[in-house]
Amino acid sequence: MSQSTKLLEPYKLGALTLPNRLVMAPLTRNRAVPPGMVPSPLAVDYYGQRASAGLLITEASQVSQQGQGYQDTPGIYSKEQVEAWRKVTDRVHERGGRIFIQIWHVGRISHTSLQPNGGAPVAPSAIRAKTKTFVNGTFADVSEPRALELSEIPGIIEDFKRGTANALAAGFDGVEIHGANGYLLDQFARDSTNKRTDAYGGSIEKRAQLMLEVSKAVAKEAGADRTGIRISPVTPANDVSDSNPQPLFDHIVDQLNALKLTYIHVIEGATGGPRDNLAFDYASLRKRFKQTYIANNGYDFALAEKVLEADAADLIAFGKPFISNPDLVERLKAGAPLNEWDKATFYGGGAKGYTDYPTLKATEPAE
């Protein structure tokens, strides 16, 4: 592709100036160090290698032990985690990069072996998901959840707020709230998983309430111009669905726009699958949200260019291409071929398939 490609143009995102419009999507890699769920030293290299992306978004990081759903995912709730993440942000900034952390609570997509005192995972309603999680080196059915008590919900919001404060202390440029893919905030929003009859269940407005309250709390802590959110209106990931997703997500995005968050990061279609699994008008979200729209799911460079030219998105998030191409931006500039990714090394392990993918330059220049 030529140098004039829109993907390579700079872009102003809140307080940040991005050198290009490529975003590295959040990618779970399961390499944090137990028992403290601290990012490993390899994470410093991994994110540092990819610092030429317009924006890096880290793997999802739980805001509490209760928020963890898979083995070896990092957290952002302890002093040790903050110190380890600080090494990551320092390396990225040394290399001229910009990095947000994605913060999450998985809700019912968890296992008792990961929960405090072996308790049940929490959810809006006590409905077990028909899906598996990765624990103790293997895939296992998720555990039966319990419904959150109304009195517990302020604590969930507080966990997100504390995670945000910790992220800022760790040097992140901003925070992305994980409101997608059938995790806790998405579970509250969808009518297949939320059967509550209190202030957080029933109508669209009530089901959306937790996602919006978390967004408000995070934006207050970090600043709206350093707060983004990821949503996935029609994904079936983790056994979620909604009977009428268009008005639900139109409402959510109207409220997110009112909060003036810096971006919405939209998974278009089924996460990691077809983009047209269900009819949905993404242009409606684009029209309603006055700040930045990041498009995600199944984008290659040609589709990204087409969508940017049509002004249907501002930034494009890429996942797997960034796993296997730390210098994806440089390869795009040079029109160079891409490395193939090794799926067997996506989740767990060490440097293999994580920090050992070759760059166009066989050796990086000395720092």
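Use the structure listed above.
Residues numbered from 1 in each chain as written. Predicted model: local features only at pLDDT ≥ 70, side-chain atom pairs only at ≥ 80, totals over all residues. Heavy atoms only, no water.

1. Digging into the packing of helix 3 (residues 153-169) against helix 6 (residues 209-222)
Each packed pair of helices is defined by two parameters, the angle between the axes and the distance between the axes.
Thought 1: Where helix 3 meets helix 6, the axes come as close as 9 Å, and the angle between the chain directions of the two elements is 30°. It follows that helix 3 is roughly parallel to helix 6 by the angle criterion. Pair helix 3 / helix 6 crosses with right-handed handedness. On helix 6, the residues that touch Ile153, Ile157, Phe160, Lys161, Thr164, Ala165 and Leu168 of helix 3 are Leu210, Glu213, Val214, Ala217, Val218, Glu221 and Ala222.
Thought 2: When the residues that make up the contact of helix 3 with helix 6 are grouped by side-chain class, the tally is ten nonpolar, one polar and three charged. (Axes fitted to C-alpha atoms, helices over the stretch in contact; angles between N-to-C directions. Helix = DSSP H or I, 4+ residues; strand = E, 2+ residues; numbered from the N terminus. Parallel < 35°, antiparallel > 145°, perpendicular 65-115°, else oblique. Left-handed = near helix turned anticlockwise from the far one by under 90°. Contact = heavy atoms within 4.5 Å. Nonpolar A, V, L, I, M, F, W, Y, C, P; charged D, E, K, R; others polar.)

2. Looking at the sheet that holds strand 11 (residues 227-231)
Thought 1: Here eight strands make up a closed barrel; going around it, the order is 3-4-5-10-11-12-13-14 and the pairing parallel. With strand direction ignored, the average angle separating the axes of adjacent strands in the sheet is 25°.
Thought 2: In this structure, strand 11 lies alongside strand 12 (residues 263-267), joined through four bridges in parallel fashion. Note on strand 12: the bridge partner recorded for Gly228 is Tyr263.
Thought 3: Most of the contacts of helix 1 (residues 41-49) go to strand 4 (residues 55-62), to which it runs at about 150°, and overall it touches strand 3 (22-24), strand 4 and strand 5 (99-104). (Pairing = 2+ DSSP bridges.)

3. A look at the pattern of salt bridges
Thought 1: What the rule picks out here adds up to 18 salt bridges.
Thought 2: One salt bridge connects Asp45 with Arg91, and the closest N-O pair in it is separated by 3.0 Å. Note that Asp45 is positioned in helix 1 and Arg91 in helix 2 (residues 79-94), a separation of 46 residues in sequence.
Thought 3: Owing to a relative accessible area of 31%, Asp45 belongs among the partly exposed residues under this scheme.
Thought 4: Of the charged contacts, one joins Arg288 and Asp250 as a salt bridge, the two residues approaching to 3.4 Å between their closest N and O atoms. Note that Arg288 is positioned in helix 8 (residues 282-288) and Asp250 in helix 7 (residues 245-259), a separation of 38 residues in sequence. (Salt bridge = Lys/Arg side-chain N within 4 Å of Asp/Glu carboxyl O. Buried < 20%, exposed > 50% of the residue type's maximum accessible area, 1.4 Å probe, protein only.)

4. Some remarks on the packing of helix 1 against helix 2
Thought 1: Where helix 1 meets helix 2, the closest approach of the two axes is 8 Å, and the angle between their N-to-C directions is 30°. One element, helix 1, and the other, helix 2, form an angle in the roughly parallel class. Two packed elements cross with a definite hand, and for helix 1 against helix 2 that hand is right-handed. Contact with helix 1, carried on its side by Ala43, Val44, Asp45, Tyr47 and Gly48, involves Trp85, Lys87, Val88, Arg91 and Val92 of helix 2 and no other residues of that element.
Thought 2: Grouping the amino acids of the contact of helix 1 with helix 2 by side-chain chemistry returns six nonpolar, one polar and three charged.

5. A short note on the packing of aromatic side chains
The geometry of an aromatic ring pair is captured by the separation of the ring centres together with the interplanar angle, meaning the angle of the planes.
Thought 1: Counted by the stated rule, this structure contains 13 aromatic pairs.
Thought 2: Taking 4.2 Å as the distance between ring centres and 15° as the angle between the ring planes, the aromatic pair formed by Tyr46 and Tyr354 counts as stacked. In this pair, Tyr46 sits in helix 1 while Tyr354 sits in the segment after helix 11 (328-334), placing the two residues 308 residues apart along the sequence.
Thought 3: Judged by relative accessible area, which is 1%, Tyr354 ranks as buried.
Thought 4: Ring centres of Tyr47 and Trp85 lie 6.3 Å apart, and the angle between their planes is 50°; this geometry places the pair in the tilted category. You can see Tyr47 sitting in helix 1 and its partner Trp85 sitting in helix 2, a full 38 residues away along the chain.
Thought 5: On the basis of relative accessible area, Tyr47 is assigned to the buried category, the value being 1%.
Thought 6: A residue is classified by how much of its surface remains accessible, and Trp85, at 0% relative accessible area, is buried.
Thought 7: Through successive ring pairs, a cluster of aromatic residues spans Tyr46, Tyr47, Trp85, Phe172 and Tyr354. (Phe/Tyr/Trp six-rings, centres within 6.5 Å; stacked < 30°, edge-to-face > 60°.)

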